[in-house]
Amino acid sequence: MTELSNLVAESVERLRRDNPLVQCLTNIVVANITANVLLAAGAVPAMVDNAEESEGFASAADGVLVNTGTPYRETAEAMVAAARGAASSGTPWVLDPVAAGMPWRTQVSLDALSVGAPAVIRANASEVLALAGTAASARGPEAGDTVEGALASAAQLVRSYGTAVAISGPVDHIVDAHRHVTVSSGHEWMTRVTGVGCSLGALTAAFAAVQSDHVIAAASATAMLCVAAERAAARSVGPGGFAQALMDELFLVSPDEVGERGGLRDVTA
Amino acid sequence: MTELSNLVAESVERLRRDNPLVQCLTNIVVANITANVLLAAGAVPAMVDNAEESEGFASAADGVLVNTGTPYRETAEAMVAAARGAASSGTPWVLDPVAAGMPWRTQVSLDALSVGAPAVIRANASEVLALAGTAASARGPEAGDTVEGALASAAQLVRSYGTAVAISGPVDHIVDAHRHVTVSSGHEWMTRVTGVGCSLGALTAAFAAVQSDHVIAAASATAMLCVAAERAAARSVGPGGFAQALMDELFLVSPDEVGERGGLRDVTA
Amino acid sequence: MTELSNLVAESVERLRRDNPLVQCLTNIVVANITANVLLAAGAVPAMVDNAEESEGFASAADGVLVNTGTPYRETAEAMVAAARGAASSGTPWVLDPVAAGMPWRTQVSLDALSVGAPAVIRANASEVLALAGTAASARGPEAGDTVEGALASAAQLVRSYGTAVAISGPVDHIVDAHRHVTVSSGHEWMTRVTGVGCSLGALTAAFAAVQSDHVIAAASATAMLCVAAERAAARSVGPGGFAQALMDELFLVSPDEVGERGGLRDVTA
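Residues numbered from 1 in each chain as written. Chains lettered and ligands numbered in written order. Predicted model: local features only at pLDDT ≥ 70, side-chain atom pairs only at ≥ 80, totals over all residues. Heavy atoms only, no water.

(A) Inspection of the overall build of chain A at higher detail. If you tally the helices and strands in chain A, you get eleven helices and nine strands. Seen through its principal axes, chain A has C-alpha atoms that stretch 40 × 35 × 35 Å. For chain A, with 269 residues in total, the buried portion stands at 66%. When contacts within chain A are restricted to residue pairs at least 6 apart in sequence, long-range pairs at least 24 apart make up 73% of them. Surface summary for chain A: the accessible area is close to 8300 Å², and the carbon and sulfur share equals 49%. (Helix = DSSP H or I, 4+ residues; strand = E, 2+ residues; numbered from the N terminus. Buried < 20%, exposed > 50% of the residue type's maximum accessible area, 1.4 Å probe, protein only. Contact = heavy atoms within 4.5 Å. Areas by Shrake-Rupley, 256 points an atom, 1.4 Å probe, with all protein chains shown as cover.)

As C-alpha cells, then:
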C-alpha cells in the first residue's frame, strides 16, 4: 500500500477503537441514515440541534457536523452556536453547506464560518462555488458544476478559513494548503439514496475527531463510504437493497480494504 | 393496452427522462422515504420547508408537495407560502392534508388552498370529507370512511378549487370535472410501512410536473407505486423487507408494466 | 410457560387485536423507525407533536410517548402539554428521557412529570440516575452506568411518581412498587441501529394501552422487541439487514414465542 493508503487504513482502525462522539446538526431527511452510518462505521451519534444545548454540547463532543439541508429559525441559530462551541473548545467541526447558493442558508453557513474555522468544508461543486461567492444556484443541491471547475474556489476557501475542503463528485477532490488528494471509488447508486452525501459529512467529522490531518480524515471518510458502497452495490438489485447493504458493509469492511480499494491518490504537485 | 394505460406508461417515461425537481414540505416521519421514493422513481427531491425559503423555491421547482403530517408553527407558515409561490408561478402543487379533521391543521390546509388552486388533492376518504366540511375525526389519519362514500365530497372539492382529487383506499378513485379513473392494484403491506401514502403525494407532484392532465398524473403515480408494491411484496416475508424492495422496484419497473398491470380503469359515465 | 410468560403472550395477542392508537412526540432521528415498529407490531402510530394539537390528541389517543431525543422550543412545549392531556383523561403515557442529565432537557422531562404521573419511565441507567437527581452526564445517551447501579434511583422514581420504571441494558430491569421483572434476551446489534431503544418506548406505550399492569406492559414490549431482534440477527450479516429484518420479525413473531423465548423472570423477593 502507498503511504496515503496506510494513513487511511490506520484512521479507520482508530475510528473503530476510539468510537468518537459526533454531534450532528443535520436535516430531517437524513438524520436517521446519518446516525446509522456513524454507528455502523464505529462512531457514536448525538443529534443535539436545538438552540439551548448545541453550543455546550459541541464543547463536550469529539466532533461536530453542521449540515444546512433543512434549516429552521431555531436550528439555524443552533448551528452557529455549535460552531462557536466547537471553535472555543477546539472540537473539530465539519460544514456541509447543503444547497448553498440559496441566500438565507448561505448566510447561515457564512455566519457559522465567521465564529470559527471548521476542520473540513464538505460540499459538491456548486456549493463550493456558492460559498466562495463565485456563483449561486436557485434550484438547490443537484448541480451541473464540475468538481474540477470548483478547485479554484476551494483553494480560496482554504485560504480564507484555514480549512480543508472536500468536493464530492464522480471523483472526489480533497485539498488544503499543503496537499491535494483524489478518491475515485464509489457507485452511482450513492446518488439514488437520499443522505449518502450528507452521511459523508458526518463520517468526516468522526474521522476528524481521531485524525488531526484533516485531508486524511476527509479522504478516510470518503474512501470508507465508497468502498462500502461498491461492496453493497455488488450484492443489490437496486437502491433499496443497496441502502441497507451499505450499513452492513460499513460495519464489515476492513481497514486495509478501505486503504487498498479506495482509489486514493496524492496528486499534490 | 387501453388509451389510459398508454397515457400512464408515457408519463412514467417522461418522469424518468425529465427528472423533475420536487419540493416537499412534508412531515418528519416520512421525509426520508419520500425522498427515496422520488429518487428511485426518477425525480429529484428538495425538502425546502422553512418559512424563509419555501415561497421562492416553489417558484423555481417543477412540482411542490404540501403534506400536513407534522405541522409546526414555522413549517405551517412555510406551507402556505409555498402554495403562494407555486400558484404565482404556475408550478403544479399537490396537497396531502394528513389528518384533516383536526381543527388547526385543517385550517393550515384551507389557508394553503385559499392562496391558489392545487393540481391535485391527494387524501384518504376521511380527509376528503373533513376538507369538504362534511365530517371531522379527532383520531387522525386512520379512518373507517369508505372511498365511495367520499366521492360526493371530492366532487365538491373539484368544483371549489378547480383541482383533481385522488382518494386512496383499497381501490383508489381519481376525479376531476371531466373524468373518473380507478386504480385497483397494490398490496396491503402499503399500510404497514409508514410513509407509503405520503410518498404517493410526492410522486403525484413529480408526475404533475411532467403531465398537465392531472388525473393522468395522479393515476400514473398511484399505478407506479402500486405495481412496484406488488412486485416488492412478492419477494418479501414482511413489511421490513417490503419497504426496501419497494425502492428497488420503483427503480426497476418498466413504463409498460405500470400501464398494463396498474389496474387502471376509466369509469367516466 | 410461567405465569409471567403467559401474561406477556396474552398482552401481545391483545396488541394485535386492539391496534391501539399511539401518539408519539419523539425525535427527528427515529420518528420513522418508531412508526414502523408500531405498525409491524400491530399498533397505529400518530406523530402529533406540535404545541397546538398535542394536548387534545393525547386525550383521544390510546397511549402516548414523550421522548426527549431532539427537543425544540415548540416540541418541548408540546411534550408537557401532551403529558397534561394524557393525565387529565387517563391515557397511559410513557416518558423516555433521552440524554437526561443535560440540564435543559432534564427540565423538560421534570416539567412533564409534574403535570401527571406516567405509566412507565423507560430509560437507560444514566438517564434514570439523572432523572432521580443522582448524577448528570454531559455527553448524552451512551452511558457507562450499570442497570444494577440504577435500581435504587429507579425505586425512588417509582415512589415519587407512582410509575413503573424500565431500565434497558444487557439485561433489562422493570420495577414498580410491587414487582421486579428482568428480561434477558436481545442482540448487541440493537445498539448498532439508531432508534431501537426509542422504539421500545413507543412499543411500551402501545402495550400500556392494552395492559393495565404496567410492569407487564413494559416487559411485553421489551420481550417482543428482543425476541424479534434475535430472530432478525440470525438471518442478517450486519446492522443494515438486521434493521429491516427486525420489522419483518415484529410482524411475524407469535405471542407464545415472545412469552417463551423472552428470557422473562420475576425476581420479586
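Continuing now.
(B) Examining the relation of the copies chain C and chain B more closely. For these two chains of identical sequence, chain C goes onto chain B by a turn of 120° and a shift of 0.0 Å along the axis, with RMSD 0.0 Å. These values place the two chain copies in the arrangement generated by a three-fold rotation axis. Residue C:Ile28 of chain C places its C-alpha closer to the rotation axis than any other residue of that unit, at 3.5 Å. Little of the interface of chain C is mirrored in chain B, where only 7% of its interface residues are also at the interface. (Least-squares fit on C-alpha atoms with pLDDT ≥ 70 in both.)

(C) Highlighting the interface of chain A and chain B. Each partner contributes to the interface: chain A provides 26 residues, whereas chain B provides 29 residues. Carbon and sulfur atoms make up 57% of the surface buried where chain A meets chain B, a total of about 2400 Å² over both sides. For the pair chain A and chain B, the number of links is three salt bridges. A salt bridge links A:Arg73 to B:Glu52; the shortest N-O distance between them is 3.8 Å. Put simply, chain A and chain B have twelve residue pairs in polar contact (both at pLDDT 80 or more) between them. Among the elements of the structure, α5 (103-115) and α10 (239-252) of chain A are those that each provide at least two residues to the side of chain A that touches chain B. Of the residues in the side of chain A that touches chain B, the class split is twelve nonpolar, nine polar and five charged. (Buried area = accessible area lost by both parts, 1.4 Å probe. Salt bridge = Lys/Arg side-chain N within 4 Å of Asp/Glu carboxyl O. Polar contact = N/O pair within 3.5 Å; in protein donor to acceptor, adjacent residues only side chain to side chain. Nonpolar A, V, L, I, M, F, W, Y, C, P; charged D, E, K, R; others polar.)

(D) Representation of the packing of aromatic side chains in the model. Evaluation of the coordinates by the stated rule reveals six aromatic pairs over all chains. Both rings, one in B:Trp189 and one in C:Phe251, keep their centres 5.8 Å apart while their planes meet at 90°; by these two values the pair is edge-to-face. Within this pair, whereas B:Trp189 is found in the loop between β8 (180-183) and α8 (196-208), its partner C:Phe251 is found in helix α10 (residues 239-252), the two belonging to separate chains. Accessibility expressed as a relative area gives 11% for B:Trp189, which makes it buried. Overall, C:Phe251 belongs to the partly exposed group, its relative accessible area being 23%. Ring geometry for C:Trp189 versus C:Phe242: centroids 6.1 Å apart, planes at 70°, classification edge-to-face. Taken together, the positions of C:Trp189 in the loop between β8 (180-183) and α8 (196-210) and C:Phe242 in helix α10 put the pair 53 residues apart, joining distant regions of the chain. (Phe/Tyr/Trp six-rings, centres within 6.5 Å; stacked < 30°, edge-to-face > 60°.)

(E) Examining the sheet that holds strand β9 (residues 264-266) of chain B more closely. Residue and element names in this part refer to chain B. If you walk across this open sheet you meet the nine strands as β2-β1-β3-β4-β5-β6-β7-β8-β9, and the pairing is mixed. Of all the strands in the sheet, just β2 (44-46) and β9 have a single pairing partner and so form its edges. Along the sheet, successive strands turn relative to each other by an average axial angle of 20°, direction set aside. When strand β3 (residues 63-67) meets strand β4 (residues 93-96), the two strands line up parallel, connected through four bridges. Bridging from a neighbouring strand, Leu-65 pairs with Val-94 of β4. Strands in contact with helix α9 (residues 214-234) are β5 (120-124), β6 (164-168), β7 (172-175), β8 and β9; relative to β7, the strand with the most contacts, it is inclined by about 165°. (Pairing = 2+ DSSP bridges. Axes fitted to C-alpha atoms, helices over the stretch in contact; angles between N-to-C directions.)

(F) A look at the interface of chain C and chain B. Contacts between the two partners involve 29 residues from chain C, matched on the other side by 27 residues from chain B. Counting each side, the surface lost to burial between chain C and chain B is near 2400 Å², with a carbon and sulfur contribution of 57%. Area buried by chain C at its contact with chain B is led by C:Leu39, C:Glu53 and C:Phe251, which between them contribute 21% of it. There are three salt bridges connecting chain C and chain B. Residues C:Glu53 and B:Arg105 are paired through a salt bridge, measuring 2.6 Å at the closest nitrogen-oxygen approach. Scanning the region where chain C abuts chain B turns up twelve residue pairs in polar contact (both at pLDDT 80 or more). Mapped onto the side of chain C that touches chain B, the elements with two or more residues apiece are α2 (31-41), α3 (54-60), α4 (73-89) and α10 of chain C. Broken down by element, the side of chain C that touches chain B gets its largest block of residues, six residues, from α2(C). Its residues assigned to classes, the side of chain C that touches chain B comprises 15 nonpolar, six polar and eight charged.

(G) Layout of the relation of the copies chain A and chain B. With an RMSD of 0.0 Å, the fit of chain A onto chain B corresponds to turning through 120° and sliding 0.0 Å along the axis. When the interface residues of chain A are mapped onto chain B, a mere 8% of them are again interface residues, pointing to distinct binding faces.

(H) Main features of the packing of helix α10 (residues 239-252) of chain B against α10(C). With their axes 6 Å apart at the nearest point, α10(B) and α10(C) run at an angle of 140° to one another. As far as their axial angle goes, α10(C) and α10(B) are oblique. Where α10(B) approaches α10(C), its residues B:Pro239, B:Gly240, B:Gly241 and B:Gln244 are matched on the opposing element by C:Gln244, C:Met247, C:Asp248 and C:Phe251. Tallied by class, the residues present in the contact of α10(B) with α10(C) amount to three nonpolar, four polar and one charged. (Parallel < 35°, antiparallel > 145°, perpendicular 65-115°, else oblique.)

(I) Broad picture of the pairing of strand β6 (residues 164-168) of chain C. All names here are of chain C. Of all the five residues making up β6, four are buried; the element is thus mostly covered by neighbouring parts of the structure. For strand β5 (residues 120-124) and β6, the ladder comprises five bridges, and the chain directions are parallel. The residue of β6 that forms the bridge with Asn-124 is Ser-168. Pairing geometry for β6 and strand β7 (residues 172-175), over three bridges, is antiparallel. Looking across to β7, one finds that Ala-166 is bridged to Ile-174. Joining the antiparallel neighbours β6 and β7 is a turn of three residues.

(J) Just the environment of B:Glu55, in detail. Residue and element names in this part refer to chain B. Here Glu-55 lies in helix α3 (residues 54-60). According to the relative accessible area criterion, Glu-55 is partly exposed, its value standing at 31%. The spacing of Glu-55 and Ser-88 is 33 residues in sequence and 9.5 Å in space, taken between C-alpha atoms. When near neighbours in sequence (up to four residues on either side) are disregarded, Glu-55 contacts Ala-81, Ala-82, Arg-84 and Gly-85.

(K) Geometry of the confidence of the model for chain A. Averaged over chain A, the pLDDT score is 95; the fraction of residues at 70 or greater is 96%. With pTM at 0.96, the complex prediction returns an ipTM value of 0.95. (pLDDT = per-residue confidence, 0-100.)

(L) Highlighting the pattern of salt bridges. The tally for this structure, following the rule as stated, stands at 42 salt bridges over all chains. Note that C:Asp96 is salt-bridged to C:Arg122, the shortest N-O span being 3.2 Å. A residue pair is termed long-range when its members are at least 10 positions apart, and C:Asp96 in strand β4 (residues 93-96) and C:Arg122 in strand β5 qualify at 26 residues. What makes C:Asp96 buried here is its relative accessible area of 0%. In the salt-bridge network here, residues are joined through shared partners; they are A:Glu230, A:Arg231, A:Arg235, A:Asp248, A:Glu249, A:Glu257 and A:Arg261.

(M) Structural detail: the side chain of B:His180. Structurally, B:His180 is set in strand β8. Residue contacts for B:His180: discarding those within four places in its chain leaves B:Leu151, B:His173, B:Ile174, B:Val175, B:Arg265, B:Asp266, B:Val267 and B:Thr268.

(N) Molecular detail of the side chain of C:Asp172. Residue and element names in this part refer to chain C. Position of Asp-172 among the secondary structure elements: in strand β7. Nearest to the buried, unbridged Asp-172 among oppositely charged side chains is Arg-122, at 5.5 Å. Polar contacts involving the side chain of Asp-172 include one to the main-chain amide nitrogen of Gly-169, which spans 3.4 Å. Setting aside residues up to four positions removed in sequence, Asp-172 forms contacts with Ile-167, Val-181, Thr-182, Val-183, Leu-200 and Thr-222. (Lys, Arg positive; Asp, Glu negative; His and termini not counted.)

(O) Seen up close, the sheet that holds strand β2 (residues 44-46) of chain A. Residues and elements named next belong to chain A. If you walk across this open sheet you meet the nine strands as β2-β1-β3-β4-β5-β6-β7-β8-β9, and the pairing is mixed. Each edge of the open sheet carries a strand with a single partner, namely β2 and β9 (264-266). For this sheet, the mean inter-axis angle between neighbouring strands, taken without regard to orientation, is 20°. When strand β1 (residues 21-25) meets β2, the two strands line up parallel, connected through three bridges. Bridge pairing in β2 links Leu-21 to Val-44. Against the sheet, helix α4 (residues 73-89) makes contact with β1, β3 (63-67) and β4 (93-96), and its axis sits at roughly 155° relative to β3, the strand it touches most. Helix α8 (residues 196-208) contacts β1, β3, β4, β5 (120-124) and β7 (172-175) of the sheet and is inclined by roughly 155° relative to β3.

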